[in-house]
Amino acid sequence: MLAGVGETVRYTFRLRPGVTAGAALLAEWGRCRWLWNEAVHQYKTGRRPTFGKLSKLLTEARARSSWLREGSQVAQQQTLRTYALALRYSFKVKGRGRPRPKRRKDSLPSLEYTTRGFSIRDRRLRLPGGVSVPVVWSRELPSDPTSVRIYQDSLGYWYASFVVRRDITPAPEAEGAIGVDWGVTTTATTTDPAYDLPHHGHRKRCAAELAKLQRRMSRRRGPRGVKPSNGYLRAKRQAAKIAKRATRQNTHDARVWAKKIVDNHATIAVEDFKPTFLARSRMARKAADAAIGAAKRELVDRGLRAGRKVVLVPPAYTTMTCSQCGTRAKERLGLGVRVFRCDTCGYTACRDRNAARTILATAERGRAGADDVRHAITSFRDGGRVRSEPKIPRLPAAGKR
């Protein structure tokens, strides 16, 4: 990566609005939510207006309604723009449905402002309507922000996410390659034991305290249809806070580990593992605690941003293949078998370590064809050149493991 090349990123900071500012933000969100639901209604009734038509309807509605005029036109316009983008992507992205109405009880507030709708003065965020919110500046902004998203999380905390432009610092020079195999006992097993990501079990350590709060919620739960008591809501908030703390600990560990991998390796071969099926197995709780998906995303994102070569290797037969001679076992290994033994060359190694080395050998030799993954993986000595693509090289899947 060259120095001086810029990238657009988000810098997120905690907000501490007072009672008046918090009420103003929620009131603004109520207006934007009404506009979103009205746009969804327009589409469902067959009118299907474009963004320009929605903007015209917004102008007419503000002229008629004093309630809408009390809010910021910038935030309301950005709400319609976000709806138009969501509707457009629903036709392009597979599996993404049409925009749905946002209900007050299960939708979190989110507001967007462009440079015409906010400013930063005296280290405070100034919004339309005389709203001034203190910002917890954990770091300095690299440039003037072009837009800001203000949102509230499930615990009621407010955040401001600024879109800024910053220079890309070149990644340190690195040589060598590493293979990564995902697991549950050890979250990430690599070809070098010094770079393994152990399973820390943050959620397991919080399980006793979380179970205590959940029992308290069960005792204080009222009958169906009755407004929950303050004690129930307090216990629910405390339980959610504990769960989020464990999630943030997993995220922090994944970031530190991914940075260590990226700074010291030029080629990173990652098992293209999709842990969604584990949610339906007996290992669901431990797999969720391992947070394999979050660690994989962090590693791939950091590797691409640093200009490293990141190759996604399908997991088919990586556990059954000997990383020393390339011979594939005739029978699949059960999960209870933790040691791999090759009947051909006698090579013995940890099951996950052998899989990581097989993944690295597959990526280095560039076995890109389907037959290479299925059959010719049995020989690593005569492999072709490694593919170099602008996006992530993703070797074709060869079937189930």
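Description of the structure in this document.

## Quick word on the overall build of the chain
When helices and strands are counted, the chain shows 11 helices and 13 strands. In terms of its C-alpha atoms, the chain occupies a principal-axis envelope of roughly 80 × 55 × 50 Å. For the chain, with 401 residues in total, the buried portion stands at 41%. Within the chain, contacts between residues at least 6 apart in sequence are counted, and of these 68% link residues at least 24 apart. Surface accessibility of the chain: about 23300 Å² in total, with carbon and sulfur atoms responsible for 50%. Across the chain, the centroid of the 83 positively charged side chains sits 10 Å from that of the 33 negatively charged ones.

## Describing unusual backbone geometry
Phi at Asp122 is positive, roughly 55°, even though this residue is not glycine. With respect to the secondary-structure elements, Asp122 resides in the loop between β3 (119-121) and β4 (124-127). Assessed through its relative accessible area of 68%, Asp122 is described here as exposed. Of note in the backbone geometry, Tyr317 takes a positive phi value of approximately 65° without being a glycine. Following the sequence through the fold, Tyr317 ends up in the loop between β11 (309-313) and β12 (339-341).

## Quick look at a nonpolar patch on the surface
Together, Leu85, Tyr89 and Val93 make up an exposed nonpolar region whose accessible area comes to about 230 Å². Its relative accessible area of 38% is what places Tyr89 among the partly exposed residues.

## Observations regarding the pairing of β11
On a regular strand, one side chain projects to one face of the sheet and the next to the other, so that they alternate. In terms of residue burial, β11 counts as a mostly covered element, since four of its five residues are buried. Across five bridges, strand β10 (residues 267-271) lies against β11 in parallel orientation. Residue pairing across strands places Thr267 opposite Lys309, the latter belonging to β11.

## Quick look at the packing of helix α7 (residues 230-264) against helix α9 (residues 292-305)
Put simply, α7 and α9 touch, their axes get as near as 9 Å, and they point 40° apart. The orientation of α7 relative to α9 falls into the category oblique. Crossing handedness for the pair α7 and α9: right-handed. In contact with Ala254, Arg255, Trp257, Ala258, Lys259, Ile261 and Val262 of α7, α9 contributes Ala295, Glu298, Leu299, Arg302 and Gly303.

## Describing the sheet that holds strand β7 (residues 158-167)
On the basis of which strands lie adjacent, the open sheet formed by seven strands has the order β2-β6-β7-β1-β5-β4-β3 and antiparallel pairing. The sheet terminates laterally at β2 (110-114) and β3, the two strands that pair on one side only. Taken pair by pair, the neighbouring strands of this sheet meet at an average axis angle of 35°, ignoring direction. As judged from the 10 bridges shared by strand β1 (residues 6-15) and β7, these two strands associate in the antiparallel manner.

## Quick notes on the sheet that holds strand β9 (residues 188-190)
An order of β9-β8-β10-β11 is seen for the four strands of this open sheet, with the pairing classed as mixed. Two strands close off the open sheet at either side, each with one partner strand: β9 and β11. Direction aside, the axes of adjacent strands within the sheet are offset by 25° on average. In this sheet, β9 lies alongside strand β8 (residues 177-182) in antiparallel orientation, the contact comprising three bridges.

## Remarks on the packing of aromatic side chains
Inspection of the entire model under this criterion finds eight aromatic pairs. On the basis of an interplanar angle of 50° and a centroid distance of 6.3 Å, the ring pair of Phe118 and Phe162 is categorised as tilted. Residue Phe118 is located in the loop between β2 and β3, and its partner Phe162 is located in strand β7; the two are separated by 44 residues in the primary sequence. A relative accessible area of 0% means that Phe162 is categorised as buried. Pairing Tyr151 with Tyr159 gives two aromatic rings, centres 5.6 Å apart and planes at 20°, and the pair type is stacked. Judged by its relative accessible area of 26%, Tyr151 falls in the partly exposed class.

Analysis parameters
Residues numbered from 1 in each chain as written. Predicted model: local features only at pLDDT ≥ 70, side-chain atom pairs only at ≥ 80, totals over all residues. Heavy atoms only, no water. Helix = DSSP H or I, 4+ residues; strand = E, 2+ residues; numbered from the N terminus. Buried < 20%, exposed > 50% of the residue type's maximum accessible area, 1.4 Å probe, protein only. Contact = heavy atoms within 4.5 Å. Areas by Shrake-Rupley, 256 points an atom, 1.4 Å probe, with all protein chains shown as cover. Lys, Arg positive; Asp, Glu negative; His and termini not counted. Charge placed at Lys NZ, Arg CZ, Asp CG, Glu CD. Patch = residues over 30% accessible without salt bridge, like charges linked within 9 Å, V, L, I, M, F, W, Y side chains within 5 Å. Salt bridge = Lys/Arg side-chain N within 4 Å of Asp/Glu carboxyl O. Pairing = 2+ DSSP bridges. Axes fitted to C-alpha atoms, helices over the stretch in contact; angles between N-to-C directions. Parallel < 35°, antiparallel > 145°, perpendicular 65-115°, else oblique. Left-handed = near helix turned anticlockwise from the far one by under 90°. Phe/Tyr/Trp six-rings, centres within 6.5 Å; stacked < 30°, edge-to-face > 60°.

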